[in-house]
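Residue strings, one per chain:
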Amino acid sequence: MTTQIDKEACREAYNQVRDDNTETSWAAFKYEGSTIVPAGVGSNYQDFKELCTDDIPLFGFVRFTTGDALSKRAKFTLITWIGERVGGLQRAKISTDKTLVKDVVQNFAKEFMISEPRELEEEYLRSELKKAGGANYDAQAE
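Below or above, wherever it landed, is the structure these notes cover. Please read all numbers here as calculations on a predicted model, not as lab measurements.

**Some words on the side chain of Ser-25**
Structurally, Ser-25 can be placed in the loop between helix H1 (7-18) and strand S2 (26-32). Among the residues examined, Ser-25 registers a relative accessible area of 13% and is labelled buried. There is a polar contact of 3.3 Å between the side chain of Ser-25 and the backbone oxygen of Ser-43. When neighbours within four sequence positions are excluded, Ser-25 is seen to be in contact with Val-17, Gly-42, Ser-43, Asn-44, Phe-61, Val-62 and Arg-63.

**So, H1**
Compared with an ideal rise of 1.5 Å per residue, which puts 12 residues at 16 Å, H1 spans 16 Å between its outermost C-alpha atoms and is within 8% of the ideal. Turning to H1, its buried residues number three or more, namely Cys-10, Ala-13, Tyr-14 and Val-17. The arc that holds every buried residue of H1, seen down its axis, measures 100°, which confines them to one face. Structural note: H1 exposes Glu-8 and Glu-12 on the side pointing more than 90 degrees away from its buried face. Where H1 is buried, its residues touch strand S1 (4-5), S2, strand S3 (35-42), strand S4 (57-67), strand S5 (72-82) and helix H3 (88-104).

**Remarks on the sheet that holds S3**
Reading across from one edge, S1-S3-S2-S4-S5-S6 is the order of the six strands in this open sheet, with mixed pairing throughout. The outermost strands of the open sheet, each flanked by one partner alone, are S1 and strand S6 (110-114). Note: S5 against S6, five bridges, orientation parallel. Looking at S6, one finds that Thr-77 is bridged to Lys-110. Each of S1, S2, S3, S4 and S5 is contacted by H1, which is oriented at about 25° to S3, the strand it contacts most. Along the sheet, helix H4 (residues 122-132) contacts S4, S5 and S6; its crossing angle with S6, the most-contacted strand, is approximately 140°.

**Topic: the nonpolar core**
For soluble globular proteins, the rule of thumb is that nonpolar side chains tend to be buried together. Of all hydrophobic cores here, the largest spans 19 residues; its most connected members are Phe-29, Ile-36, Phe-59, Phe-61, Val-101 and Val-105. If you list the elements that add at least two residues to this core, you get H1, S2, S4, S5 and H3. The element best represented in this core is H1, accounting for four residues. Discounting residues that sit within four places of it in the chain, Ile-36 has contacts with Thr-3, Gln-4, Ile-5, Asp-6, Cys-10, Phe-29, Lys-30, Tyr-31, Phe-59, Asp-97 and Val-101. One finds Cys-52, Phe-64, Phe-112 and Ile-114 within the second-largest nonpolar core, a separate group that totals 15 residues.

**Overview of the pattern of salt bridges**
All chains considered together, the criterion is met by 10 salt bridges. Note that Arg-85 is salt-bridged to Asp-55, the shortest N-O span being 3.9 Å. Pair noted here: Arg-85 is in the loop between S5 and H3 and Asp-55 is in the loop between helix H2 (45-51) and S4, with a separation of 30 residues, a long-range link. Between Lys-131 and Glu-128 there is a salt bridge, with the nearest N and O atoms lying 3.1 Å from each other. On the criterion of helical spacing, the pair formed by Lys-131 and Glu-128 is a turn pair, its members being three residues apart in helix H4. Residue Lys-131 is classed as exposed on the basis of its relative accessible area of 62%.

Here is what the cut-offs are and how they apply
Residues numbered from 1 in each chain as written. Predicted model: local features only at pLDDT ≥ 70, side-chain atom pairs only at ≥ 80, totals over all residues. Heavy atoms only, no water. Helix = DSSP H or I, 4+ residues; strand = E, 2+ residues; numbered from the N terminus. Buried < 20%, exposed > 50% of the residue type's maximum accessible area, 1.4 Å probe, protein only. Polar contact = N/O pair within 3.5 Å; in protein donor to acceptor, adjacent residues only side chain to side chain. Contact = heavy atoms within 4.5 Å. Expected span 1.5 Å × (residues − 1). Arc of directions from axis to C-beta. Pairing = 2+ DSSP bridges. Axes fitted to C-alpha atoms, helices over the stretch in contact; angles between N-to-C directions. Core = buried A, V, L, I, M, F, W, Y, C linked by side-chain atoms within 4.5 Å. Salt bridge = Lys/Arg side-chain N within 4 Å of Asp/Glu carboxyl O.

Now the structure itself:
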């Protein structure tokens, strides 16, 4: 069966994360049968991590604040979580289904494909986003 996406509901969750006037910092998208739907939104990254169990695939759009004391900015990432116990056919299907998610989630600095819980650590993702961001002025003396 061909996978579909609830574009309106997923776009609403995506826009909440993008909106600077909300506290929302993540949106998750899951499979409900053969349709990708929002799995939740929130402001605590730990809550997102708890959704990433070893038996499901999940897509996440996460906002991180990066920068230094003089310049703070929002950086966004698309995370594809594939739990260790997700079957081979489902794993193969995820890469094609991700294009449906990318029709909604269009602006992000870096994309991650993750199946190890340690790779979901916030500091790891922040450091990878920092590397993807180009120039690093944190090391300069004031």
